[in-house]
Amino acid sequence: MSDATQTKVTHNPLPNKERTKLPRQRVPEQDAEIRAHNFCEVNLGFPPDQARQESLRCIECPKPGCVMKCPVSVDVRAVIDLILAEDYLGAAAKVREDNALPAITGRVCPVEDQCESGCVLGKKGEPVGIAYLERFVADWERESGQFGLPKTAPSTGKKVGIIGSGPAGLACAGDLIQMGHKVHVFEALHELGGVLVYGIPEFRLPKEIVRHEIDVLRRRGVEFETNVVVGKTVTVDELTNDEGFDALFIATGAGLPRFLNIPGEHLNGVYSANEFLTRENLMRAYRFPEYDEPLYPCKDRDVIVVGGGNTAMDAVRSALRLGAKSASIYYRRTEIEMPARVEEVHHAKDEGVHFEMLVNPVEFLGDEKGNLTAVRCIRQELGEPDDSGRRSPVPIKGSEFVAPCAVAIIAAGTSANPLIQSTTPDLAITKRGYISANDDTLATSKPGVFAGGDIVTGGATVILAMGAGRKAAKSIDDYLKGLVQIAN
Amino acid sequence: MVSDETHVVTDDGSYGTKGLVTDKLKEVMAAGKVDYVLAVGPVPMMRAVANMTGPEKIKTIVSLNSIMVDGTGMCGGCRVLVNNSSQFACVDGPEFDATQVNFEVLMQRNNMYREQEKMSIDRLQADPAGELDRLRLKNHKYECAAEAVGVTNE
């Protein structure tokens, strides 16, 4: 029984029986009534004593379900033991071996479906608060001003280009730099971080934290270049043929926002969630006029958000913070089918978001100036399950109603962005326009070019994109080693 | 210079001849056959050009300046009605066949932030140096980091 997974951990003095009796620690939060009016972070995170208290609950399973359920396989038990040893910097370094962005995943991972769903304590009671612990060590590291950096392999002399600085690109960069390769990340926008900066609001993921995680990668040797729209200002072929990249990873993320294709979508006040959130987050429209980016006024007006995912929750909670008179979610199924994280839905409800279930907008109505004034909807009931296994909504005849609103935000998902595909002729794409990549290796039809994250799978989560980034790093490393062998 | 003839018109006559683009276009169209018109500029001008060339069946391309945020296809803010369907100027355009473009919707959408744009311009003009200083400062300041401790309620 010398298997590493059987190693006796020594920093927890309690017998297992006592550990399971300990209650899960509640993370301090900003009060709902106060936070509904500001953009500061909702969760405040564990102080050290609470983090250690929560760590005491881990019973150190020989085959840890939490690690198996983690898309990037963070060694949770080792991290928890380092927390108990009060070696928080060591714990941060331990997380970073598998996860380049711990302060981010500790905040936005859907843990109830991942690590925490694998925790054995969850079978009878509540699982260990793994995400809060991950966040704690990353925050502790950042606030200490020190860095818990994992060791890096000797330089291989190979150069990898990563297109996109979102979660997939950053995770890939973190692994490749550790493997000893030279890494250069291209970003289309003027700020690094992709969806982490344009999509997720300040109150859920402060931008300062994203910048810090990127600074850590920079410190580890990753190069970043902003304002490069690969597919427009430079092509994939130019990067491999003229600029000397030995391999490329395309991680350009979720693409074009979907609209509902109903009358009135061109009225002023109708937004895609991507536009609304980009204006608010990346361009800081919530601080207008201090910042110049405008947003169609939400203050003292009715705002509706169409959709039931995390993006919809981010948009509706933002509208509330911008002073909306009412902020409502309109979703065509019921709460059970909503893809949003449970915690996000709870937070939204506590803050006063109104939920209107089983409704579907059929027309946006406006005034003579083209400004949105109302939405006409139809009520629905659930019918037979569709391809996704969720029961499809069926409209109820004669149930139409008109609800006043000045701003409508559509969070109905995205379809593939065509920029790279349309300028890279031999890059195979799927029927729906996403990039075709091998499930196991993420290799595309072009040798040396790999792709992963939302541009391959369609819209998913930050951590799944990071998982793809890690997988790509492994494949790229194998590919580059192959190149070395061929050269020898 | 890639054209055989170049005509310049300005609103106030400060360069070339005084007048509108459409005045000159009318002359050129009257003088001989025109095969292709490319119009780039303010929406009312492009619409006026399209209204002149459309009935004459002259192929006319306009370059649309709808409001864009990122310009990479991500936000959909630049959507324009072309042939009655939604197109994104950033990835589907910005050049479109003028006869297919719904200019009314384009103008309406371009007016969406008129009030806020005026506020921003007034603010800049009132104190250009101060505004620039504020922008530079902001690039180095992370807003909520300062606020989170005291949890401010605006």
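Residues numbered from 1 in each chain as written. Chains lettered and ligands numbered in written order. Predicted model: local features only at pLDDT ≥ 70, side-chain atom pairs only at ≥ 80, totals over all residues. Heavy atoms only, no water.

Right, let's talk about helix α5 (residues 76-84) of chain A for a bit. All names here are of chain A. The element α5 is extensively covered by neighbouring structure, given that seven of its nine residues are classed as buried. Taken together, the buried residues of α5 touch α3 (48-55), α4 (65-68), α6 (88-98) and α9 (130-144). Glutamate 86 occupies a position one or two residues after α5 and carries a positive phi of about 60°. (Buried < 20%, exposed > 50% of the residue type's maximum accessible area, 1.4 Å probe, protein only. Helix = DSSP H or I, 4+ residues; strand = E, 2+ residues; numbered from the N terminus. Contact = heavy atoms within 4.5 Å.)

This brings us to the sheet that holds strand β7 (residues 302-306) of chain A. Residues and elements named next belong to chain A. Ordered by their spatial adjacency, five strands build an open sheet running β6-β14-β7-β8-β9, and the pairing between neighbours is parallel. The open sheet terminates on both sides in strands that have one partner only, identified here as β6 (270-272) and β9 (354-357). Shown here is a sheet whose adjacent strand axes are inclined to one another by a mean of 20°, direction ignored. In terms of strand pairing, β7 meets strand β8 (residues 326-331) through five bridges, oriented parallel. By the bridge assignment, valine 305 is partnered in β8 with isoleucine 329. (Pairing = 2+ DSSP bridges. Axes fitted to C-alpha atoms, helices over the stretch in contact; angles between N-to-C directions.)

All names here are of chain A. Considering all chains together, one arrives at nine aromatic pairs over all chains under this definition. A centroid spacing of 5.6 Å and a plane angle of 70° characterise the contact between tyrosine 271 and phenylalanine 276, whose relative ring orientation is edge-to-face. Just as tyrosine 271 is buried, phenylalanine 276 falls in that class too. Relative to tyrosine 479, the ring of phenylalanine 450 has its centre 5.8 Å away and its plane inclined at 70°; by these criteria the two rings are edge-to-face. Linking phenylalanine 450 in strand β16 (residues 449-451) with tyrosine 479 in helix α19 (residues 462-487), this pair joins segments that are 29 residues apart in sequence. (Phe/Tyr/Trp six-rings, centres within 6.5 Å; stacked < 30°, edge-to-face > 60°.)

A surface patch of like charges, here negative, comprises Glu225(A), Glu238(A), Asp242(A) and Glu243(A). Following the sequence through the fold, Asp242(A) ends up in the loop between α13 (236-241) and β4 (247-250). (Patch = residues over 30% accessible without salt bridge, like charges linked within 9 Å, V, L, I, M, F, W, Y side chains within 5 Å. Areas by Shrake-Rupley, 256 points an atom, 1.4 Å probe, with all protein chains shown as cover. Salt bridge = Lys/Arg side-chain N within 4 Å of Asp/Glu carboxyl O. Lys, Arg positive; Asp, Glu negative; His and termini not counted. Charge placed at Lys NZ, Arg CZ, Asp CG, Glu CD.)

All names here are of chain A. Read across the open sheet, the five strands follow the order β3-β2-β1-β4-β16; overall the sheet is parallel. Each edge of the open sheet is held by one strand with a lone partner, namely β3 (223-225) and β16. If you compare each strand with its neighbour and ignore which way they point, the axes differ by 20° on average. Pairing of β4 with β16 involves three bridges; the strand directions are parallel. Paired with isoleucine 250 across the strands is alanine 451, a residue of β16. Packed on one face of the sheet, helix α10 (residues 167-178) meets β1 (159-163), β2 (182-186), β3 and β4 and runs near 165° to β1.

All names here are of chain A. The domains assigned to chain A are domain 1 (3-144), domain 2 (159-255 + 416-480) and domain 3 (257-413). Taken together, the contact between domain 1 and domain 2 spans 23 residues of the former and 26 residues of the latter. Summing both partners gives a buried area of about 2,200 Å² for domain 1 against domain 2, and 70% of it is carried by carbon and sulfur. Area buried by domain 1 at its contact with domain 2 is led by Leu101, Ile104 and Arg142, which between them contribute 26% of it. One can count two salt bridges joining domain 1 with domain 2. Between aspartate 98 and arginine 470 there is a salt bridge, with its nearest N and O atoms 3.4 Å apart. For the pair domain 1 and domain 2, the number of links is seven residue pairs in polar contact (both at pLDDT 80 or more). Counting residues per element, the ones that place at least two in the side of domain 1 that touches domain 2 are α6, α7 (102-108) and α9. Broken down by element, the side of domain 1 that touches domain 2 gets its largest block of residues, six residues, from α7. Taken together, the residues of the side of domain 1 that touches domain 2 break down into 13 nonpolar, three polar and seven charged. (Domains from an automatic or database assignment. Buried area = accessible area lost by both parts, 1.4 Å probe. Polar contact = N/O pair within 3.5 Å; in protein donor to acceptor, adjacent residues only side chain to side chain. Nonpolar A, V, L, I, M, F, W, Y, C, P; charged D, E, K, R; others polar.)

Time to look at the packing of helix α1 (residues 21-31) of chain B against helix α2 (residues 43-53) of chain B. All names here are of chain B. Across the interface, α1 lies against α2 with an axial gap of 10 Å and an inter-helix angle of 25°. Judged by the angle between their axes, α1 and α2 are roughly parallel. The handedness of the crossing between α1 and α2 is right-handed. For the pair α1 and α2, contact is made by Val21, Thr22, Leu25, Lys26 and Met29 and by Met45, Ala48, Val49, Met52 and Thr53, respectively. For the contact of α1 with α2, the per-class residue count stands at seven nonpolar, two polar and one charged. (Parallel < 35°, antiparallel > 145°, perpendicular 65-115°, else oblique. Left-handed = near helix turned anticlockwise from the far one by under 90°.)

On to the confidence of the model for chain A, then. The share of residues in chain A with pLDDT of 70 or more is 97%, and the mean pLDDT across the chain is 91. For residues 1-6 of chain A, every residue scores under 50 in pLDDT, and the model assigns this stretch five contacts once sequence neighbours within four places are set aside. (pLDDT = per-residue confidence, 0-100.)

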